[in-house]
Amino acid sequence: MSSAFDFEPKPRRASVAVDVGGVIVGGGAPVVVQSMTNTDTADVDATVAQVAALHRAGSELVRITVDRDESAAAVPRIRERLLRLGLDVPLVGDFHYIGHKLLADHPACAEALAKYRINPGNVGFKDKKDKQFAEIIEMAMRYDKPVRIGVNWGSLDQDLLTRLMDENKANGSPLTAQQVTRETIVQSALISAELAEELGLPRNRIILSAKVSGVQDLIAVYAMLAARSDHALHLGLTEAGMGTKGIVASSASLGILMQQGIGDTIRISLTPEPGGDRTREVQVAQELLQVMGFRQFIPVVAACPGCGRTTSTVFQELAQKIQEDIRANMPVWREKYPGVEALKVAVMGCIVNGPGESKHADIGISLPGTGEMPAAPVFIDGQKAMTLRGPRIAEEFQLLVSDYIEKRFGGGQAAAE
Ligand code: SF4
């Protein structure tokens, strides 16, 4: 029974499952993490390296730009090189303006891709629009590939926008310009999906997205789209921005939508710092899904923020070291220790919340705050197990974490399950 105080996540919205190269999007499958390269796709070495890095970081689908003949010709070589590395990651081709031509001229590219992403706002203009859209849909049917119909507010179908604005005006302007724009985005996606289905592409071959850059607009547009269709939905805030702003804006909007049961796959579009790590967006997507309790990817390290009661940096350094160790070891641990992603570790700064939080974790340590005895109680499965002392507390705790993982997840005797 729900009430005004029911903050539980809503059940996932029913959507039609789409198979993207073996990864299921929608139909109640776990929310899929995806990302996109920023290399020139024609540069095979650079693109293979970045797709590999994104996939190893946890991106389950990777999108690449296919903008000209050279990049279309590179796609099958990229796919082949990835397979030789043992990376069977579905590649999504991002097409604008000339997608119909590139797919027709490069059959090996059309075959190597697991999905085609098209934008109804720039698939073609005037009388060519429907024809070129139909050509891409026919290619998708010929190669048995799904498409994402991805509307973007920066390249919105201007004919449709003008028509809806005119209609609104003729009706006495009951809607604001912002509301008409939102409606245009939703209609652009739905009309294109309907057209694709009329052309013969089944619904289980269509994913929709409607990306905008404002948080409130994004929430409104996806809520409208979710209410009016059962297509699988790809969520993403476009032009989210750099650093903390991009992370906060994406997390706020996608978090609210997923709490409402909306969204089958997500991409966090972060602008990397110059020379920054592209895999950051994958990490953020995984962390968002994990902190909301929708999926588990990596053990959680709970650490207090620190305050005037602990002026040393020991606990910050230990929390960081443990987190880095976990991230570095996860590719091996995932295979070696099934279920290890559910592990919870706590690294706390003093006696105030340290023992309590540590007891809630699988393994936790409460470091001594300023003026406290130089002793660090360690809690394992809610029980105080020992107290560490001396200058090697950090190293000893790291060994205890490794030992706990081996015992609990390595097929050895589990500590109280
Ligand atoms: S656990 Fe201690 S050090 Fe950490 S924030 Fe709380 S009072 Fe401050």
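Residues numbered from 1 in each chain as written. Predicted model: local features only at pLDDT ≥ 70, side-chain atom pairs only at ≥ 80, totals over all residues. Heavy atoms only, no water.

### A short note on the overall build of the protein
A count of helical and extended segments in the protein gives 13 helices and 17 strands. Dimensions of the protein, computed from the C-alpha atoms along their principal axes, are close to 80 × 55 × 40 Å. Evaluated residue by residue, the protein yields a buried proportion of 49% over its 417 residues. Put simply, 66% of the contacts in the protein that link residues at least 6 apart link residues at least 24 apart. As presented, the protein carries roughly 19200 Å² of accessible surface, and 54% of it is formed by carbon and sulfur atoms. (Helix = DSSP H or I, 4+ residues; strand = E, 2+ residues; numbered from the N terminus. Buried < 20%, exposed > 50% of the residue type's maximum accessible area, 1.4 Å probe, protein only. Contact = heavy atoms within 4.5 Å. Areas by Shrake-Rupley, 256 points an atom, 1.4 Å probe, with all protein chains shown as cover.)

### A closer look at helix α2 (residues 69-84)
Residue pairs three or four apart in sequence face the same way in an α-helix, which turns once every 3.6 residues. A rise of 1.5 Å per residue sets the reference length of α2, with its 16 residues, at 22 Å; its end C-alpha atoms lie 24 Å apart and thus fit the reference within 8%. The largest bend in α2 comes to about 30 degrees, at Val75, with the proline Pro76 one to four residues further on. For α2, the complete set of buried residues consists of Ser71, Ala72, Ala74, Val75, Ile78, Arg79 and Leu82. Elements that come into contact with the buried residues of α2 comprise α1 (44-57), β4 (61-65), β5 (91-94), α3 (99-105) and α4 (107-112). (Expected span 1.5 Å × (residues − 1). Bend = angle between axes of the 7 residues up to and from the residue.)

### Comments concerning the site of the ligand
Around the ligand, the neighbouring residues are Cys304, Gly306, Cys307, Arg309, Thr310, Met348, Gly349, Cys350, Val352 and Asn353. A breakdown of the residues in the shell around the ligand according to their chemical character gives five nonpolar, four polar and one charged. (Near = heavy atom within 4 Å. Nonpolar A, V, L, I, M, F, W, Y, C, P; charged D, E, K, R; others polar.)

### Topic: the UniProt feature "binding site: [4Fe-4S] cluster" (unreviewed entry) in the protein
In the numbering adopted here, UniProt assigns the feature "binding site: [4Fe-4S] cluster" (unreviewed entry) to Cys304, Cys307, Cys350 and Glu357. Looking at where Cys304 falls in the secondary structure, it is placed in the loop between β13 (300-303) and α11 (314-336). Within the fold, Glu357 resides in helix α12 (residues 354-360). Glu357 gets classed as partly exposed once you look at its relative accessible area, which sits at 34%. Dropping the residues within four chain positions of it, Glu357 is found in contact with Ala302, Ala346 and Met348. (UniProt positions renumbered as here; feature names shortened; annotations may be inferred.)

### Remarks on the packing of α1 against α2
Relative to each other, α1 and α2 sit at 50 degrees, their axes nearing to 10 Å. By the angle class used here, α1 and α2 are oblique. Where α1 crosses over α2, the handedness of that crossing is right-handed. Of the residues in α2, those touching α1 at Val44, Asp45, Thr47, Val48, Val51 and Ala52 are Ala74, Arg77, Ile78, Arg81 and Leu82. Residue composition of the contact of α1 with α2, by class: seven nonpolar, one polar and three charged. (Axes fitted to C-alpha atoms, helices over the stretch in contact; angles between N-to-C directions. Parallel < 35°, antiparallel > 145°, perpendicular 65-115°, else oblique. Left-handed = near helix turned anticlockwise from the far one by under 90°.)

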